[in-house]
Amino acid sequence: MKKIGMLFAAVFVLGTMAQSALAQNLVAFSGGIGDITTGSADTAVFGVPAAGQIWVIRDLQAEVRVGGLIQVDGQGLLLGAGNGVGTNAGASVFATLFCANDGDVQHSTNAVGVPLRANGDFRIQDSLSPAPPDTCTSPVLLIRVTANGSWFAAGIPFLTPPSPPLPHLPFPPK
């Protein structure tokens, strides 16, 4: 009976460890940048073309877990120029993660995507396919439009520990 109890305890500990490994963060992103297409021919990222119109994003937070679970919360992804300035252009979005250590394979959420709200807010909760490797060097996260797959926002990698703040400069004397 004691051996069975030890076996159950060992299975429980191993199961808890496996579940804990799956819950670990692979990469995180804090902040985002929009596509500021300027007519340059060099706006593609890992072969993904830019949207071709200026887009702005107020904020972006994203976590990718080991195993490929991803949550992205974006705020204010809107057109930044043109006749539709300040609108979401009726767009839906999906996310793609690139990792340098696996040859920059596209690890994407479902390309059906999620619609942008009128104010440009969105939430993606999905799994990346194919699943990313267990380590991800030089991560790049693109937010892409479902209509043609071009990118119009990118996440800023969250560095651990974060960069120290810049020192405050004194005001110049009057």
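Let me sum up the structure you'll find in this document. (Residues numbered from 1 in each chain as written. Predicted model: local features only at pLDDT ≥ 70, side-chain atom pairs only at ≥ 80, totals over all residues. Heavy atoms only, no water.)

1. Comments concerning the side chain of Arg-144
In step 1: Inspection of the secondary structure puts Arg-144 in strand S10 (residues 140-145).
In step 2: One buried charged residue, Arg-144, remains without a salt bridge, the closest side chain of opposite sign being Asp-35 at 12 Å.
In step 3: At 3.0 Å, the side chain of Arg-144 and the side chain of Gln-106 are in polar contact. (Helix = DSSP H or I, 4+ residues; strand = E, 2+ residues; numbered from the N terminus. Buried < 20%, exposed > 50% of the residue type's maximum accessible area, 1.4 Å probe, protein only. Lys, Arg positive; Asp, Glu negative; His and termini not counted. Salt bridge = Lys/Arg side-chain N within 4 Å of Asp/Glu carboxyl O. Polar contact = N/O pair within 3.5 Å; in protein donor to acceptor, adjacent residues only side chain to side chain.)

2. Here's the deal with the state of the cysteines
In step 1: Inspection of the entire model under this criterion finds one disulfide.
In step 2: Disulfide pairing is shown between Cys-99 and Cys-136; the S-S distance is 2.0 Å. Looking along the S-S bond of the Cys-99-Cys-136 disulfide, the torsion reads about -100°, which is the left-handed sense. Within this pair, whereas Cys-99 is found in the loop between strand S6 (92-98) and strand S7 (107-108), its partner Cys-136 is found in the loop between strand S9 (122-127) and S10, the two being separated by 37 residues in sequence.
In step 3: Owing to a relative accessible area of 13%, Cys-136 belongs among the buried residues under this scheme. (Disulfide = S-S within 2.5 Å.)

3. Notes on the pairing of strand S11 (residues 151-157)
In step 1: Across the seven residues that make up S11, a large majority, five, are buried.
In step 2: Where strand S1 (residues 25-34) meets S11, four bridges bridge the pair, whose relative direction is antiparallel. The residue bridging Ile-33 from the neighbouring strand is Ala-154, located in S11.
In step 3: Of the pairings in the sheet, the one linking S10 to S11 comprises three bridges and is antiparallel in character. Opposite Leu-142, over in S11, you have Ala-154 as the bridge partner.
In step 4: Hairpin connection between S10 and S11: a loop of five residues separates the two successive antiparallel strands, and Gly-149 in this loop has a positive phi of roughly 80°. (Pairing = 2+ DSSP bridges.)

4. Looking at unusual backbone geometry
In step 1: In this chain, Ser-129 is followed by Pro-130 through a cis amide linkage whose omega measures -10°.
In step 2: As for its position among the elements, Pro-130 is in the loop between S9 and S10.
In step 3: One non-glycine residue with positive phi stands out, namely Asp-104, at about 60°.
In step 4: Turning to its location among the elements, Asp-104 is positioned in the loop between S6 and S7.
In step 5: Judged by relative accessible area, which is 25%, Asp-104 ranks as partly exposed.
In step 6: In this model, Ser-138 sits at a positive phi of 45°, which is unusual for a non-glycine residue.
In step 7: For Ser-138, the position within the fold is in the loop between S9 and S10.

Everything listed here is a matter of coordinates, which is why it stays silent on function.
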